[in-house]
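Fold and contact review
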Amino acid sequence: MTFEWLPIIVLVAGLMFGLISGFPMAFTLGGSSIVASWIFIGFDSLPYVATNTFGMMTNVILIAMPLFIFMACVLEKSGVTHDLYNFMHQLLGSLNGGLAMGTIAICAIIAAMSGVSTTGVVTMGIIALPIMLKMKYDKSIAIGPILAGGALGLLIPPSVSLVIYGMIARVSIGRLFAGAIIPGLILVFLYMAYVGIRCYLNPSLGPALPKEDRVPFIEKLKLAKSLVLPVLIIVSVLGSIFAGLASPTEAAAVGAGGAVLSAAINRRLSWDVLKDACFRTMSINGMIMWILFGAACFTSIFFRTGGQGLIGDMMLGLENKWLIFGIIIATLIVLGCFLDEITQIMITVPVFLPIIVHLGYDPVWFGVLFMTQVQMDYLTPPFGFTLFYLKGVAPPEVSMADIYKSILPFLCIQLFVLLLILFFPQIVLWLPEEVFALR
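About the thresholds
- Residues numbered from 1 in each chain as written.
- Predicted model: local features only at pLDDT ≥ 70, side-chain atom pairs only at ≥ 80, totals over all residues.
- Heavy atoms only, no water.
- UniProt positions renumbered as here; feature names shortened; annotations may be inferred.
- Helix = DSSP H or I, 4+ residues; strand = E, 2+ residues; numbered from the N terminus.
- Rg over C-alpha atoms; globule rule 2.2 N^0.38 Å.
- Buried < 20%, exposed > 50% of the residue type's maximum accessible area, 1.4 Å probe, protein only.
- Contact = heavy atoms within 4.5 Å.
- Areas by Shrake-Rupley, 256 points an atom, 1.4 Å probe, with all protein chains shown as cover.
- Lys, Arg positive; Asp, Glu negative; His and termini not counted.
- Charge placed at Lys NZ, Arg CZ, Asp CG, Glu CD.
- Patch = residues over 30% accessible without salt bridge, like charges linked within 9 Å, V, L, I, M, F, W, Y side chains within 5 Å.
- Salt bridge = Lys/Arg side-chain N within 4 Å of Asp/Glu carboxyl O.
- Domains from an automatic or database assignment.
- Core = buried A, V, L, I, M, F, W, Y, C linked by side-chain atoms within 4.5 Å.

- Taking an unreviewed UniProt entry as the reference, the protein is identified by name as TRAP-type C4-dicarboxylate permease, large subunit DctM belonging to Desulfotignum phosphitoxidans DSM 13687.
- UniProt, in the comment section headed Subcellular location (unreviewed entry), describes the protein in these words: "Cell inner membrane".

Set out below in structure tokens:
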């Protein structure tokens, strides 16, 4: 072991010590980097760290993040989700497993409106899970779709995580959004197909809605009006970006305005709703920003001590791209047991992205592959974040063992899509090439 690896070892050791001791992530990252810089560089490195952090603070792309979070918080209170569920309840309820399939579809719509993963999991855990359990759905069919569907918020645009990746990787956020659409839709289709096939083969897993509870076709058409506001919000955000009418930050402002308007139309807009949404936005955004600042300290010292070059040279020296991809994915899986996606982006993307580009791959493709992998981390027992989100709102009869068991088939689907993206990059790159070639 040469001396040049010693700063990296100290940085990683400080990070692991902070994680094990339960120290807040932002201060773990910042503290370990400052200690390592003092030991190996001296106090002269501190202005360098401060300059890098300040540069991140002034990045205009970050303005999109609190706007998307505010949009999600307002939508939670606007009644849109309840109306959507009532519509899907009647539209698909006559099919075996229909409520679970409808829940997946609603989670995808929520993801496309909010850009975060917690909204779908928590909302459907409160609304859909008790209804499915009351209708004698098997727990695995009732729980798994909520977890898998909710985690789509990490991948389906306008994902806040993709915004941060775009800022760090310095790639077009519009292209990232376009690239994530097809993989996200593939996941939605495969999740719904899995539930539909299992319940068709074994109807007792997901009984159909009783005939006496079904409404006529005309009533279903009336319920379909609940789709209007979500579709308008999605089109206004993504359409304005893809058409070149607005930047992601401006589109986020449009989405936030659309969320407020939808709350007003549903007669749910009040001072208390806005106040709660603002406070929650400030709390969530503040947590993310502190993690970003701590990670900026960490990566600046990591670069200053030559860590990026050492790891890059070591991995490229393997001369086998599949082995390199295997190491990258394995690293992300391990980190996913301890770190949220924001921290993973900040720590690993600056290290892995130059390697990916050197191998001839597109940064947009790697961003979508990265988010698909991180989405798996959110679902993987025993540390997946969505597992604990759902447990917090689930009925008492739902145990952690039930939650762990229910997610395994969906993890296999997620892994299959990850491999599809890895071996067939055009799944990601086709839509960005088509959309942005027209501009």
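What about the overall build of the protein?
- Looking only at helices and strands, one finds 21 helices and 0 strands in the protein.
- The C-alpha atoms of the protein give 22 Å as radius of gyration, which agrees with the globular expectation for 439 residues (22 Å, within 12%).
- Seen through its principal axes, the protein has C-alpha atoms that stretch 75 × 45 × 45 Å.
- Burial analysis of the protein (439 residues in total) assigns 54% to the buried set.
- Long-range pairs, those at least 24 residues apart, make up 80% of the contacts in the protein with a sequence separation of at least 6.
- Surface exposure of the protein reaches about 18700 Å², of which carbon and sulfur atoms provide 70%.
- Side-chain charges in the protein split into 21 positive and 21 negative, and the spacing between the mean points of these groups amounts to 11 Å.

Structural notes on a nonpolar patch on the surface
- Taken together, the side chains of W322, L415, L419, F423 and F424 define a hydrophobic patch exposed on the protein surface, amounting to about 500 Å² of accessible area.
- A per-element tally of the nonpolar patch places helix 20 (residues 400-423) first, with 3 residues.
- Note on placement: L419 falls in helix 20.

Some remarks on the domain arrangement of the protein
- Taken domain by domain, the protein holds domain 1 (1-58 + 289-305) and domain 2 (59-269 + 306-437).
- If you average the C-alpha positions of domain 1 and of domain 2, the two centres end up 31 Å apart.

Thoughts on the environment of K391
- Positionally, K391 belongs in helix 19 (residues 385-393).
- K391 gets classed as partly exposed once you look at its relative accessible area, which sits at 32%.
- Spatially, the C-alpha atoms of K391 and V364 are 34 Å apart, while their sequence positions differ by 27 residues.
- Setting aside residues no more than four positions away along its own chain, K391 makes contact with V398, S399, M400 and I403.

Description of the nonpolar core
- In this structure, Y165, W365 and F366 are the most contacted members of the largest nonpolar core, which totals 150 residues.
- For this core, the element with the highest residue contribution is helix 6 (residues 98-114), accounting for 13 residues.
- There are two domains that each give this core at least three residues, and those are domain 1 (1-58 + 289-305) and domain 2 (59-269 + 306-437).
- What W365 contacts, discounting residues up to four positions off in sequence, is F325, I356, I421, L422, P425, V428 and L429.

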